[in-house]
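The primary structure of each chain is shown beneath.
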Amino acid sequence: MAKKKKTTVKKAKTPRFQGLKSFFKNRQAQTVFGFFLVLFSVFLFAAFISFLFSWKADQSELMEFTNRSSSVKNLLGKIGHTFSNFFIYKGFGVAAFIIPILLFLSGMYILFQVSLKKIRKSWFWGLLGMLWFAILFGFFAINDSLLSGIVGFELNDYLQQFLGRTGIALLLLFSLLAYLAIRFKLNANHISSLFKKKEKLITDDSTGDIIEETSTQENTNIELDAVSETKSEFEMSVEDLKPTISNYLGKKDEKVKEKEDLTLDIELKKPEETEVKIDVEKIVEEDHETKNLSDKLVKDFGEFDPTLDLGNYKFPTLNLLREFNESISINQEELEANKNKIVETLNNYKIGIAKIKATVGPTVTLYEIVPEAGVRISKIKNLEDDIALSLAALGIRIIAPIPGRGTIGIEVPNKNATMVSMKSMISSSKFQKSEMELPIAFGKTISNESFVVDLAKMPHLLMAGATGQGKSVGLNVVLTSLLYKKHPAEVKFVLVDPKKVELTLFNKIERHYLAKLPDSEEAIITDTTKVVNTLNSLCIEMDARYDLLKDAMVRNIKEYNTKFKARKLNPENGHKFLPYIVLVIDEFADLIMTAGKEVETPIARLAQLARAIGIHLIVATQRPSVNVITGIIKANFPARVAFRVTSKIDSRTILDSGGADQLIGKGDMLFTNGNEMVRIQCAFVDTPEIEKITDFIGSQRAYPEAYLLPEYSGEESGTSLDIDINDRDSLFKDAALVIVNAQQGSASLLQRKLKLGYNRAGRIIDQLEAAGIVGHFEGSKARQVYVPDEMALNQLLENEKK
């Protein structure tokens, strides 16, 4: 009987609490309640402030809450006066202002889903602080009941009978020190160190006045000299209107360097030491047992090295690449002539220039202009064609303004362009010392600096450009960069080449770096149907890798591989070292035209999900129309490279802005990763260089076969099984007549003519294929019809009955 009573009590209580929990767990209810608390706190705060000025007048008159004739001077009316009178006059005095602050914070915490512990903590300390301030104001303001409120006055009067004024002062001081010690974790050592610092500052101030005065004088002299130097180099003389110009190839201010170094030394060193100590303590306390196991394995066998299978593998050497003369020849006459023409053109339109500077790059010179005050930027930007006409040059681009500099840039092509070799990019310290996962050395910027980016952080790359503008060379630059930096065990390539001639040289490194389907003969994919199967196979590989990451309880491939190398994952449970997979598609427009949605859907899926598990896409196209680069693809490819295109529409399709139509070609490109655009001269890799690199890698010991992707069998590949005549659809003959008369075998035709659903029409198409009336599935194309006319169809059906 007792058990039954207990169960009945539980049944009666649980629904109420469940209702409350479900109400507060609802996001809409939280939002409404949060907004209510925020607005109510503003209401109380305004009422409290108004009460401070109108409380005497409102209390002198007898206020009846329901009587309409009685009025109050409080800005929030009778309700505001009632709340203020209760909390301030009858409550805690001025300390009651803590209540609206707490309500505001609680509302914001609820809106942004902060934990309840933080809300409770803020209310606990807030109410204690309100009580402490009420007693403190009551201690000092004896006759002013508004300052302390009735609660503060009465508590102060009550405590004075037992402790006296001195005892209350000591009690308040003790509670303040206890609050600081508990809340901010202060101790005696902190207080003593503060006093020591003050003494040092006093002594330093007394002895260092003379030094400071002399140093300030010297600094002002140096700064004045620097200003005069910059004026003489960069600023045009306003009287003669003949601006002077000089070339800047990476000069920096030494003072700024020294200041930056000092701030880095002070800010970075101390917190690093404390963080390391905390992390070590946590690891020792929490993961003691697992660390012991992994440490034993690492001590006995060492960390797992995925490159041991090809331990004697040697990276390609630099002498395989050609060397060009890359010294930039600065033609002073050309620079002066361009500068004078720019100044004259702008002066013709009454645009004054305060300062002008030139930065010479491999193919383009950037003229940075500071216009005079009051000049509109749009006015200069509209003169792009006029400046190009005066300079008689192609590919002039105006950047107004240059992000982060506060100047307007005019990019003018050099008459004698300098070629950027791949050898200089690979040998650059920026590439050699980079700790990126998948570094790509694209080329050199306008300031002649090597431009290296990480493909793993992009995470996918879209390349576009007209024929002959350097798009295929750009793909070779990407592949060469990865071949020079990553071991065959660390990265694999899936190469798709519909043109069949661009990527054939990489066949020699099939067993080192390439990945392919199990049943395919060639690693480089040229057939459209195989492309569809490969993309779907990569989707299967992606799902399998996500399952491995889920079992290993990690978030990305980098964490997974480090955990696997530390021997914390058991290979018997299916775990293995995961190489990066880079999918390169050379001509995407051709695939879209032949396969359509069958290609677009898996590519969009890979672009959305494959970043975390190390599958990265590089898609190149010659024809960057909206039909090829759809909105779904563009949304998932934030990193884009644009070579020269013919129209502004194509430029906006690739970069969402103009600029690619003003490039000069021959490797001149714009790179954007969702932020600002960077103009780069792409490095040049010739076919003989690629051949030497692939021969060098191919001559070394390789894996037994290429990296095999999961098997994929097409869902709509038709059926080769014989279907029983008795199991045929009742509309089989009618459907056969429709197909034969139209000479087009497609399920959509049956849907329209016979008013069928897609599933039934698909089954009838399979039955027609089994009967030999239509051919097999050919992607987006209609099936071939084998029966020429109605007579041949009737004869075929009669023969089947016999």
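Reading the values: the criteria
Residues numbered from 1 in each chain as written. Predicted model: local features only at pLDDT ≥ 70, side-chain atom pairs only at ≥ 80, totals over all residues. Heavy atoms only, no water. Buried < 20%, exposed > 50% of the residue type's maximum accessible area, 1.4 Å probe, protein only. Helix = DSSP H or I, 4+ residues; strand = E, 2+ residues; numbered from the N terminus. Arc of directions from axis to C-beta. Contact = heavy atoms within 4.5 Å. Polar contact = N/O pair within 3.5 Å; in protein donor to acceptor, adjacent residues only side chain to side chain. Pairing = 2+ DSSP bridges. Axes fitted to C-alpha atoms, helices over the stretch in contact; angles between N-to-C directions. Parallel < 35°, antiparallel > 145°, perpendicular 65-115°, else oblique. Nonpolar A, V, L, I, M, F, W, Y, C, P; charged D, E, K, R; others polar. Expected span 1.5 Å × (residues − 1). Salt bridge = Lys/Arg side-chain N within 4 Å of Asp/Glu carboxyl O. 1 Å grid on protein atoms, 1.4 Å probe; cavity = no way out; pocket = protein on both sides within 12 Å on 5 of 7 lines; lining within 4 Å. Points joined across faces, edges and corners; volume = space filled by probe spheres on them.

*Asks:* Any details on helix α20 (residues 588-595)? Residues and values, ideally.
*Replies:* Taken together, the buried positions of α20 are F588, A589, L591, I592 and A595. Along α20, the residues classed as buried sweep out an arc of 160 degrees about the axis, all on the same side. Those residues of α20 hidden inside the fold are in contact with β8 (491-496), α18 (528-552), β10 (580-585), α21 (597-609), β11 (615-621) and α22 (631-635). The opening residue of α20 is E587, an N-cap whose side-chain oxygen sits 3.3 Å from the backbone nitrogen of A589. Just past α20, the residue G596 takes up positive phi, approximately 65 degrees.

*Asks:* So, the pairing of strand β6 (residues 450-454): which residues are in play, and what are the values?
*Replies:* The buried count for β6 comes to 5 of 5 residues, which makes it a mostly enclosed element. Pairing of strand β5 (residues 439-445) with β6, which is carried by 5 bridges, proceeds in the antiparallel orientation. Counterpart to P439 in the pairing with β6 is D454. Where β5 folds back onto β6 in an antiparallel hairpin, the turn is made up of 4 residues, including N448, whose phi is positive at roughly 65 degrees.

*Asks:* An account of the packing of α20 against α21 is needed here, citing residue identities and associated values.
*Replies:* For the pair α20 and α21, the least separation of the axes is 7 Å and the interaxial angle reads 125 degrees. Viewed along their axes, α20 and α21 adopt a mutual orientation that is oblique. Residues F588, L591, I592 and A595 of α20 lie in contact with α21, whose contacting residues are K597, E598, V599, E600 and I603. Looking at the contact of α20 with α21, its residues break down into 6 nonpolar, no polar and 3 charged.

*Asks:* Describe the sheet that holds strand β14 (residues 677-682), and please don't skip the residues or the numbers.
*Replies:* If you trace the 9 strands from one edge of the open sheet to the other, you get β6-β5-β14-β13-β12-β7-β11-β10-β8, paired in mixed fashion. Pairing within the sheet leaves two strands with one partner each, and these edge strands are β6 and β8. Pairwise comparison of adjacent strand axes, ignoring direction, gives a mean angle of 30 degrees for this sheet. Where strand β7 (residues 461-464) meets strand β12 (residues 639-642), 4 bridges bridge the pair, whose relative direction is parallel.

*Asks:* Outline the sheet that holds strand β4 (residues 408-413), listing residues and values.
*Replies:* Pairing is antiparallel in the open sheet, where 4 strands are placed in the order β1-β2-β4-β3. The sheet terminates laterally at β1 (353-360) and β3 (397-399), the two strands that pair on one side only. Adjacent strand axes in the sheet meet at a mean angle of 20 degrees, parallel and antiparallel pairs treated alike. Note that β1 and strand β2 (residues 364-371) share 7 bridges and pair antiparallel. Each bridged residue has a counterpart across the sheet, and for K357 the counterpart in β2 is E368. In the packing of helix α11 (residues 332-348) onto the sheet, contacts are made with β1, β2 and β4, and the angle to β2 comes to roughly 40 degrees.

*Asks:* Tell me about α11, residues and numbers included.
*Replies:* For α11, built from 17 residues, the straight-helix expectation of 24 Å at 1.5 Å per residue is met to within 8% by its first-to-last C-alpha distance of 24 Å. All of the buried residues in α11 are E334, L335, N338, K339, I342, V343, T345 and L346. Angularly, the buried residues of α11 cover 165 degrees about the axis, an arc narrow enough to put them on a single face. Residues of α11 that are exposed and point over 90 degrees away from its buried face: E333, E344 and N348. In this structure, the buried side of α11 is in contact with β1, β2, α12 (377-381), α13 (384-391) and β4. Downstream of α11 by one or two residues, K350 has phi in the positive range, about 60 degrees.

*Asks:* Outline the pattern of salt bridges, supporting the account with residue identities and numerical values.
*Replies:* Pairs can form between side chains of opposite charge once their charged atoms are near each other. Under the defined criterion, the tally for this structure stands at 19 salt bridges. The partner of K499 in a salt bridge is E502, and the shortest N-O contact between them spans 3.7 Å. Under the relative-accessibility criterion, K499 is labelled partly exposed at 28%. Overall, E502 belongs to the partly exposed group, its relative accessible area being 29%. Put simply, R397, E411, D668 and R679 are held in one network by salt bridges that share partners.

*Asks:* Can you lay out empty space enclosed by the protein for me, pointing to particular residues and giving the numbers?
*Replies:* Summed over the entire model, instances satisfying the criterion amount to 1 cavity of 30 Å³ or more. One number sums up the size of the largest cavity: a volume of about 50 Å³. When contributions to the lining of the largest cavity are tallied by element, the ones reaching two or more residues are β5 and β14. For the lining of the largest cavity, the element with the most residues is β14, which contributes 3 residues. A per-class count over the lining of the largest cavity returns 4 nonpolar, 4 polar and 3 charged.

*Asks:* So what about the pairing of β2? Which residues, and what values?
*Replies:* For β2, the tally of buried residues reaches 6 of 8 residues, placing the bulk of the element in the interior. Where β2 and β4 come together, 6 bridges link them in antiparallel fashion. In the strand pairing of β4, T365 is matched with V412.

*Asks:* Account for the environment of K350, naming residues and giving values.
*Replies:* Inspection of the secondary structure assignment puts K350 in the loop between α11 and β1. Residues K350 and V375, spaced 25 residues apart in sequence, show a C-alpha to C-alpha distance of 9.3 Å.

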